[in-house]
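Understanding the architecture of this molecule
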Amino acid sequence: MSSYLDKKDIQLSKNFFKKGFIIRKVSDLKSLKTLRAAIVNSLCKSLKIKMKKEKDFDKFLNEVHEIIKIKNLNDVRLNILNSINSSSEFHKKYFEVSKDLLFSLVGNELAMQTRVNLSIQLPDDSSSLLPVHSDIWSGDSPFEVVVWIPLVNCYSSKTMYILKPENYKKIHTQFKKYAGKNSSDFFKNIKKNVEWINIKFGEILIFNQSLPHGNIINSEKETRWSLNCRFKSLYSPYGDKKIGEFFKPITIRAASKIGMNYSLPNLKK
Amino acid sequence: MGERVPQHIQNQIIRKFCEINNLEYSLSASEYAMKDSYLMLEEIINEKSNLDGIVFYSLFQLPENKIYRNNIYKNIIKRKKKIFFSVENYKLSKKNDILELEEIWDVKSILPNCYKGF
């Protein structure tokens, strides 16, 4: 590791390597609250109900399963997604919430996913499951990280899990034993080695998406709400998800702009 | 930029894009296959028709030459038309939109010179 990184960055990187994720308190709580208010606003519009007061957001989101039926969940989710993704301000706030950690772990010239994702996991809903997977196995680049933002407290089955890096090495070398099996078989095998993310609203999770992760049926009495979005160093390799169609440049620096637009003078007539 | 998607698939994507964005799809045009040909594009931009704009399959179907590309943007804006890019979901209708599109072009153009391995 480069010794030019400062102590704080080195420690953060060490933790990231070791655990495969980091959780930190959000320094820009105001931006985070703006994100949550935008979601609640869009949700209320979608449900055709009066906008809630901020002090009631937590209860409202946690108990939303009392007014949303599972069969209507995807329509609600899509309405919210279209609303938040049509707002460049929402994307900017999302970045601002995670900026310090991204600059430490990824770099300061970044590409951001063009669409922020939203997960809503109602209690006992089996239709919103994300079976165990590594994002790299489905076309993402290993140079990306996921910024995962809970809008409510997430714990036990109302959260996501991630395989510990120390256990991934073995899985990687023995992967051929899963030939002909399915992702449930795979999960059964790794279940004892995954870490269940315990995170509160006001905190942010950045994780290594190359490590197998997923969720299970939420058997808690509350609904899980979380946002996720990928970031990568702008000039690092892209997988199937390319610049323009999946990622957008968000922090191009002056020297790069000069370089990209430079051409040597031409001596030929 | 080395991208190729069959024409009928491109048309399906463009039609869907128009549907989602409430745009009236009036006609389909295909560029000549010769390298660096933009004859059809020039024809559509410059004709005095009732077309409000052009929907491209992708941003990267524009000319690779930056000066030529910028002239196209300016011509579109001058004629009060719009251009849309289905895959990237971008729109150009005013001068400020150019910067965002060109940043993507700039990054895409230098990526072949960046580290590629994984």
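Residues numbered from 1 in each chain as written. Chains lettered and ligands numbered in written order. Predicted model: local features only at pLDDT ≥ 70, side-chain atom pairs only at ≥ 80, totals over all residues.

Here's the deal with the overall build of chain A
For chain A, the helix and strand inventory stands at eight helices and 10 strands. For 269 residues, the compact-globule formula gives about 18 Å, and the C-alpha radius of gyration of chain A, at 20 Å, lands near that figure. Buried positions account for 33% of the 269 residues belonging to chain A. For chain A, restricting intrachain contacts to residue pairs at least 6 apart in sequence, the fraction spanning at least 24 positions comes to 88%. (Helix = DSSP H or I, 4+ residues; strand = E, 2+ residues; numbered from the N terminus. Rg over C-alpha atoms; globule rule 2.2 N^0.38 Å. Buried ≥ 20, exposed ≤ 12 C-beta atoms within 10 Å, placed from the backbone. Contact = placed C-beta atoms within 7 Å.)

Here we look at the interface of chain A and chain B
Residue-level contacts link 13 residues of chain A with 14 residues of chain B. Of the residues contributing to the side of chain A that touches chain B, the split by class is eight nonpolar, three polar and two charged. (Nonpolar A, V, L, I, M, F, W, Y, C, P; charged D, E, K, R; others polar.)

Looking at the sheet that holds strand S1 (residues 53-56) of chain B
All names here are of chain B. Read across the open sheet, the three strands follow the order S1-S2-S3; overall the sheet is mixed. The open sheet has two edge strands with one neighbour each: S1 and strand S3 (90-92). In this sheet, neighbouring strand axes are inclined to one another by 15° on average, regardless of whether the strands run parallel or antiparallel. Examined bridge by bridge, S1 and strand S2 (residues 82-85) share four bridges and lie parallel to one another. Within the sheet, the bridge partner assigned to phenylalanine 56 lies in S2 and is phenylalanine 85. (Pairing = 2+ DSSP bridges. Axes fitted to C-alpha atoms, helices over the stretch in contact; angles between N-to-C directions.)

Comments concerning the packing of helix H2 (residues 29-47) of chain A against helix H5 (residues 88-105) of chain A
Residues and elements named next belong to chain A. The contact between H2 and H5 brings their axes to 9 Å, and the two run at 140°. Classified by the angle their axes make, H2 and H5 are oblique. By crossing handedness, the relation of H2 to H5 is classed as left-handed. Contact with H2, carried on its side by Ser31, Leu32, Thr34, Leu35 and Ala38, involves Phe90, Lys93, Tyr94, Glu96 and Val97 of H5 and no other residues of that element. Broken down by class, the residue content of the contact of H2 with H5 amounts to six nonpolar, two polar and two charged. (Parallel < 35°, antiparallel > 145°, perpendicular 65-115°, else oblique. Left-handed = near helix turned anticlockwise from the far one by under 90°.)

Comments concerning the pairing of strand S4 (residues 144-150) of chain A
Residue and element names in this part refer to chain A. Burial runs high along S4: seven of the seven residues are buried. Burial along S4 is two-sided: the face carrying Glu144, Val146, Trp148 and Pro150 and the face carrying Val145, Val147 and Ile149 are both buried. Note: S4 against strand S9 (residues 224-233), seven bridges, orientation antiparallel. The partner of proline 150 across the bridge, within S9, is serine 226. Note that S4 and strand S7 (residues 203-207) share three bridges and pair antiparallel. Paired with valine 147 across the two strands is isoleucine 206, which belongs to S7.

Description of helix H4 (residues 95-110) of chain B
A rise of 1.5 Å per residue sets the reference length of H4 of chain B, with its 16 residues, at 22 Å; its end C-alpha atoms lie 24 Å apart and thus fit the reference within 8%. Those residues of H4 of chain B that are buried are in contact with strand S10 (247-249) of chain A together with S3 of chain B. (Expected span 1.5 Å × (residues − 1).)

Observations regarding the sheet that holds strand S8 (residues 213-214) of chain A
Strand order in the open sheet made by the three strands is S6-S5-S8 (chain A), with antiparallel pairing throughout. A strand with exactly one partner marks an edge of an open sheet, and here the two such strands are strand S6 (194-196) and S8 of chain A.

Describing the confidence of the model for chain B
In the predicted model, chain B carries a mean pLDDT of 90, and the fraction of residues at 70 or more is 96%. Overall fold confidence (pTM) sits at 0.89, and the ipTM for the predicted complex is 0.76. (pLDDT = per-residue confidence, 0-100.)

Some points on unusual backbone geometry
In this structure, serine 156 of chain A is a non-glycine residue whose phi angle is positive, near 45°. The topology assignment puts serine 156 of chain A in the loop between S4 and strand S5 (161-163). Overall, the presence of 11 C-beta atoms within 10 Å leaves serine 156 of chain A in the exposed class. The backbone of lysine 80 of chain B sits at a positive phi, close to 55°, despite the residue not being glycine. Turning to its location among the elements, lysine 80 of chain B is positioned in the loop between helix H3 (66-78) and S2. Classification of lysine 80 of chain B by C-beta neighbours within 10 Å gives exposed; the count is 9.

Focus: the environment of lysine 158 of chain A
Residue and element names in this part refer to chain A. When you line up the elements, lysine 158 lands in the loop between S4 and S5. The exposure class assigned to lysine 158 is buried, which follows from the 24 C-beta atoms found within 10 Å. Along the chain, lysine 158 and histidine 91 lie 67 residues apart, while their C-alpha atoms are 25 Å from each other. Ignoring any residue separated from it by four or fewer positions in sequence, one finds lysine 158 in contact with Gln121, Asn218, Glu220, Glu222 and Arg224.

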